[in-house]
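Analysis of the macromolecular model
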Amino acid sequence: MDRNTLSLLQLCDSNFPTGAFSHSYGLETYIQADKVHDQESLLHWLRVYVTEQLVYSDGLACRLVYEALEKEDYQKVWKLDRMLTMQNLPRETRDGTQMVGDRMLKLVKNLYEIPVLFEYSERIRQNRSFGHPSVVFTIVGHHLGVSVSTVILYYLYSSVLSLVQNAVRAIPLGQTAGQKIIQGFQEVLTEATAKVMAMDEEDFGIVSPGLELSQMQHERVNVRIFMS
Amino acid sequence: MQDWTGVLHLDTEERNGRTVAKRVYFQGAFKVMRPIYHDESGQVCYYILNPGGGYLDGDRYQMKISLEKQARLILTTQSATKIYKTPNRHAYQETEIILKEGSCLEYIPDPLIGYRDAKYKQKNIIHMEKGANLLYADIITPGWSPDGDKFSYNSLQLINEIYMENELVVYDHIKLNPALQNMGELGLMEGYSHLGSMIVINEKSNQDFLDMLYQDVDTHTEECKVGLSSLPIQGFTVRVLANNTQTIEKIFSNFHHIISQEWFNKTPSFLRKY
């Protein structure tokens with residue numbers, strides 16, 4: 001593995017302090033309703049979440065932001081940041097994603113000198129942009145010269161890593177079960193990346209009704225260990 | 001692409017306390033009935049008709065609606081929008097809506113019914129000025145199928161883009177694609193067949209109001225699943241999964257009543273045929 005890919009891998013580490021451990025993105029609603037309760041049901045939810053929702057928002061955004069950076073079309077990057085925020089209709093999921101994006105941005109600003117990252121941060125400070133982890137991640141990946149499909153794959157992988165860790169705590173599941181899910185999920189991730197590469201820009205922001213509804217219902221879940 | 005199957009343009013304005021049409025134009029398979037004033041409020045109501053009875057292969061519909069300052073319009077349909085088999089090209093409808101300051105639009109079409117092998121795409125683009133009010137609702141339903149299949153349509157795609165003072169504030173994209181998806185499973189339609197969506201934008205909207213609406217929802221029933229959440233601007237969105245149109249209409253109608261009473265101090269007009 002070359003050096004630059006290794007550098008991007010640092011951002012995927014679940015110890016990378018973005019606050020992702022506080023967010024379940026609707027999973028907790030299913031756990032409370034006992035719809036997700038073991039390794040098999042978690043794997044099922046995870047597959048639907050990644051292939052029916054995440055690919056159309058964060059996944060496709062990684063690709064479109066990367067393409068915009070190649071063309072130095074920064075207006076397009078800011079437009080995608082806004083679209084990512086506005087397509088996220090459940091409030092907690094929208095706010096949570098923004099928080100994670102903001103934390104990630106603050107951190108990588110200390111690790112890399114990338115002008116567009118500073119502009120992004122300045123725009124957020126002026127309330128002209130919102131902050132999204134997929135945008136920050138892609139800016140770093142592009143800066144490191146990592147290929148677009150690797151950026152997408154690693155981004156999806158890091159999302160899955162933190163979700164599985166959260167689920168292991170919340171369901172609860174054993175650490176071995178968690179690792180088995182991550183291992184078994186590798187094929188889904190490569191397929192999801194191929195799906196993003198083949199997508200039409202018009203596919204942006206498609207949501208899956210049940211997932212989205214559960215993200216909205218999370219606001220009313222009685223016992224909560226997650227903020228979304 | 002100018003080859004529209006049906007075109008409808010409706011521009012409205014407020015004149016001496018009553019909302020009237022400044023311009024009405026329709027052509028092809030779109031028509032509006034004469035305006036109706038349901039009460040003394042001056043709010044006008046237009047019913048849209050599709051004389052062809054349904055959307056067919058490659059049909060393309062266009063609507064342009066505008067409300068000048070303080071204009072108040074209810075826009076609805078006379079019956080459900082039926083999407084029939086589209087073997088070659090999907091049916092398409094695009095609607096552009098302009099809401100000037102202080103205007104108020106209630107756009108509540110009858111349900112959209114997708115029959116066997118139907119492919120449909122709909123795009124609503126709404127431009128609002130600050131202080132404009134919107135209440136929008138739609139219901140996606142499966143058409144009757146001889147073998148009882150709940151999802152015999154191919155795909156139904158609905159996009160709502162809402163701009164406030166030219167900035168995107170809502171991007172709502174639903175695409176139900178039974179040809180490729182397993183609709184019944186967790187995360188998708190979860191055993192339900194009907195999907196209702198409602199978007200409300202109003203400066204009076206806040207978290208307390210949402211709590212009040214939520215109290216009206218029966219959370220213990222298996223008949224439906226309801227989610228509501230506030231938008232990044234003052235307003236909120238509602239999603240309902242259910243097994244029939246009436247269940248969703250009842251929830252939307254209750255919300256509509258609460259909104260009308262709390263914010264406009266009136267009772268909403270009786271539009272639907274429940």
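Placed above this text is the structure.
Below or above, wherever it landed, is the structure these notes cover. None of these values were measured; they are calculated from a predicted model.

Each value, and the rule that gives it
- Residues numbered from 1 in each chain as written.
- Chains lettered and ligands numbered in written order.
- Predicted model: local features only at pLDDT ≥ 70, side-chain atom pairs only at ≥ 80, totals over all residues.
- Heavy atoms only, no water.
- Helix = DSSP H or I, 4+ residues; strand = E, 2+ residues; numbered from the N terminus.
- Rg over C-alpha atoms; globule rule 2.2 N^0.38 Å.
- Buried < 20%, exposed > 50% of the residue type's maximum accessible area, 1.4 Å probe, protein only.
- Contact = heavy atoms within 4.5 Å.
- Areas by Shrake-Rupley, 256 points an atom, 1.4 Å probe, with all protein chains shown as cover.
- 1 Å grid on protein atoms, 1.4 Å probe; cavity = no way out; pocket = protein on both sides within 12 Å on 5 of 7 lines; lining within 4 Å.
- Points joined across faces, edges and corners; volume = space filled by probe spheres on them.
- Nonpolar A, V, L, I, M, F, W, Y, C, P; charged D, E, K, R; others polar.
- Pairing = 2+ DSSP bridges.
- Axes fitted to C-alpha atoms, helices over the stretch in contact; angles between N-to-C directions.
- Parallel < 35°, antiparallel > 145°, perpendicular 65-115°, else oblique.
- Left-handed = near helix turned anticlockwise from the far one by under 90°.

1. Remarks on the overall build of chain A
Secondary structure summary: chain A contains eleven helices and one strand in total. Secondary structure elements in chain A, listed N-terminal to C-terminal, are α-α-α-α-α-α-α-α-α-α-β-α. Its C-alpha atoms give chain A a radius of gyration of 17 Å, within 12% of the compact-globule value 17 Å for 228 residues. For the C-alpha atoms alone, the extent of chain A along its principal axes is close to 45 × 40 × 35 Å. Buried positions account for 61% of the 228 residues belonging to chain A. Contacts spanning at least 24 positions in sequence make up 80% of the contacts within chain A whose residues lie at least 6 apart. Roughly 9,500 Å² of accessible area belongs to chain A as shown, and the carbon and sulfur atoms make up 47% of that amount.

2. Structural notes on the layout of surface pockets
One number sums up the size of the largest pocket: a volume of about 650 Å³. In terms of lining, the largest pocket is formed by 24 residues, of which the most central are A:Thr29, A:Ala33, A:Gln217, B:Thr219 and B:Lys225. Counting residues per element, the ones that place at least two in the lining of the largest pocket are helix H2 (27-32) and helix H11 (209-217) of chain A together with strand E16 (224-230) of chain B. In terms of residue class, the lining of the largest pocket is made up of ten nonpolar, eight polar and six charged. In this structure, the second largest pocket occupies an estimated 500 Å³ of space.

3. Points about the sheet that holds strand E2 (residues 18-28) of chain B
Pairing is mixed across the open sheet formed by eight strands, whose spatial order is E1(A)-E14(B)-E13(B)-E11(B)-E8(B)-E5(B)-E1(B)-E2(B). Edge strands, defined here as strands with exactly one partner in the open sheet, are strand E1 (206-207) of chain A together with E2 of chain B. Bridge count for E1(A) against strand E14 (residues 167-176) of chain B is two bridges, and the pairing is parallel. The residue of E14(B) that forms the bridge with A:Ile206 is B:His173.

4. Details of the environment of B:Met128
Residues and elements named next belong to chain B. Looking at the secondary structure, you find Met128 in strand E11 (residues 119-128). Residue Met128 is classed as buried on the basis of its relative accessible area, which comes to 3%. Distance from Met128 to Tyr163, taken between C-alpha atoms, is 5.9 Å for residues 35 residues apart in sequence. Residues within four places of Met128 in sequence aside, it is in contact with Leu99, Asn133, Leu134, Ile162, Tyr163, Met164, Glu165 and Ile201.

5. What to know about the packing of helix H8 (residues 148-170) of chain A against helix H10 (residues 186-198) of chain A
Angle between the axes and distance between the axes are the two parameters that describe a pair of packed helices. Residues and elements named next belong to chain A. Contact pair H8 / H10: the axes reach a minimum separation of 9 Å and the direction vectors enclose 130 degrees. As judged from the angle between their axes, H8 and H10 are oblique. Crossing hand, H8 versus H10: right-handed. The segment H8 lies against H10, with Val148, Ser149, Ile152, Leu153, Leu156, Tyr157 and Val160 engaging Leu189, Thr190, Ala192, Thr193, Val196 and Met197. Along the lines of polarity and charge, the residues of the contact of H8 with H10 split into ten nonpolar, three polar and no charged.

6. As for the environment of B:Thr5
Residue and element names in this part refer to chain B. Along the chain, Thr5 turns up in the segment before strand E1 (6-15). According to the relative accessible area criterion, Thr5 is partly exposed, its value standing at 25%. The residues touching Thr5, leaving out its near neighbours within four places in the chain, are Gln27, Gly28, Ala29, Asp59, Arg60 and Tyr61.

7. Notes on the pairing of E11(B)
Residue and element names in this part refer to chain B. Burial of E11 is extensive: seven of the ten residues sit out of reach of the surface. Bridge analysis of strand E8 (residues 91-99) against E11 gives nine bridges, and the strand direction is parallel. Within E11, the position partnered with Ile97 by the bridge is Ile126. Sheet topology note: the E11/strand E13 (residues 155-164) ladder contains ten bridges and is parallel. Bridge pairing links Lys121 to Gln157 in E13.

Without other data, these values stay purely geometric and don't point to any function.
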